[in-house]
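Examination of the molecular architecture
What follows is each chain in one-letter form.
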Amino acid sequence: FVDRDEYGAVVVRGALTDQALLVSAMKAGFDRQKLLEQYPQLDSLPFNSRDKLAATLHRYDRDTLLLSVVGAPETILEHAAGVHLHGSTTHLGSQEFLQLKESIGKLSAEGYRVLACAYRYYPIDFQYPHLSETVTKLIIAGYVVIADPIRAEVPEAIAAATRAGIRTIVITGDNRLTAAAICRQVGLTVSSHEMLDGMELEGFTDEQFKERL
């Protein structure tokens, strides 16, 4: 959320990713408070490691609800039905959609954190048991790219640990491409068979997990 310090300067508080999104929106000329007054928030789904997305439901107008979603590109793409481009919606098999996927992949491979943004409209009387169940047939609006640079001292710290015989294991919420890029930046060489994602881990027994480690 946005606050002001004792000198009247704007201060953005909250999780770092939320701060980055809010600051970028402010720089683009958006006023969160005014938007919430125009489109009142009715429900929300905070980001969590299972869904890998966050969603809010708003009253768009007298007859319509607006679902707004931001999250991991692979998750948003899985729930997408189309892409909004130049005032119209194109289907998932279009050249524009394939270019979007390729662009996201390249940015992730370069070590950037990429968040996809999407939306969907529902009728005002739409009923749902839980907001997570409304995240389907989304229209992708675009994506946000976040640079999260490595601290200068990290590569040498990793190298010193390696020289001392310490094995480094990286645990991250980023996707495979981003994780591999970050590893390269800090001096770690990681092959694809050394990487595990959450879905794979869920299928392991304790013994299989120990063996893999």
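Residues numbered from 1 in each chain as written. Predicted model: local features only at pLDDT ≥ 70, side-chain atom pairs only at ≥ 80, totals over all residues. Heavy atoms only, no water.

From N to C terminus, the protein chain includes eight helices and nine strands. Counting all 213 residues of the protein chain, 25% fall into the buried class. Across the protein chain, the fraction of contacts at a sequence separation of at least 24, relative to all contacts at a separation of at least 6, is 52%. Element-wise, carbon and sulfur atoms account for 54% of the exposed surface of the protein chain, whose accessible area totals about 14300 Å². A gap of 2 Å separates the mean positions of the 21 positive and 28 negative side-chain charges of the protein chain. (Helix = DSSP H or I, 4+ residues; strand = E, 2+ residues; numbered from the N terminus. Buried < 20%, exposed > 50% of the residue type's maximum accessible area, 1.4 Å probe, protein only. Contact = heavy atoms within 4.5 Å. Areas by Shrake-Rupley, 256 points an atom, 1.4 Å probe, with all protein chains shown as cover. Lys, Arg positive; Asp, Glu negative; His and termini not counted. Charge placed at Lys NZ, Arg CZ, Asp CG, Glu CD.)

Strands sit in the order E3-E4-E5-E8-E9-E6-E7 across an open sheet of seven strands; the sheet is mixed. At either end of the open sheet lies a strand with only one pairing partner, and these are strand E3 (41-45) and strand E7 (88-90). Taking each pair of neighbouring strands and ignoring which way they run, the sheet shows an average axis angle of 30 degrees. For strand E6 (residues 80-85) and E7, the ladder comprises three bridges, and the chain directions are antiparallel. (Pairing = 2+ DSSP bridges. Axes fitted to C-alpha atoms, helices over the stretch in contact; angles between N-to-C directions.)

Function cannot be inferred from these measures alone, as they are strictly geometric.
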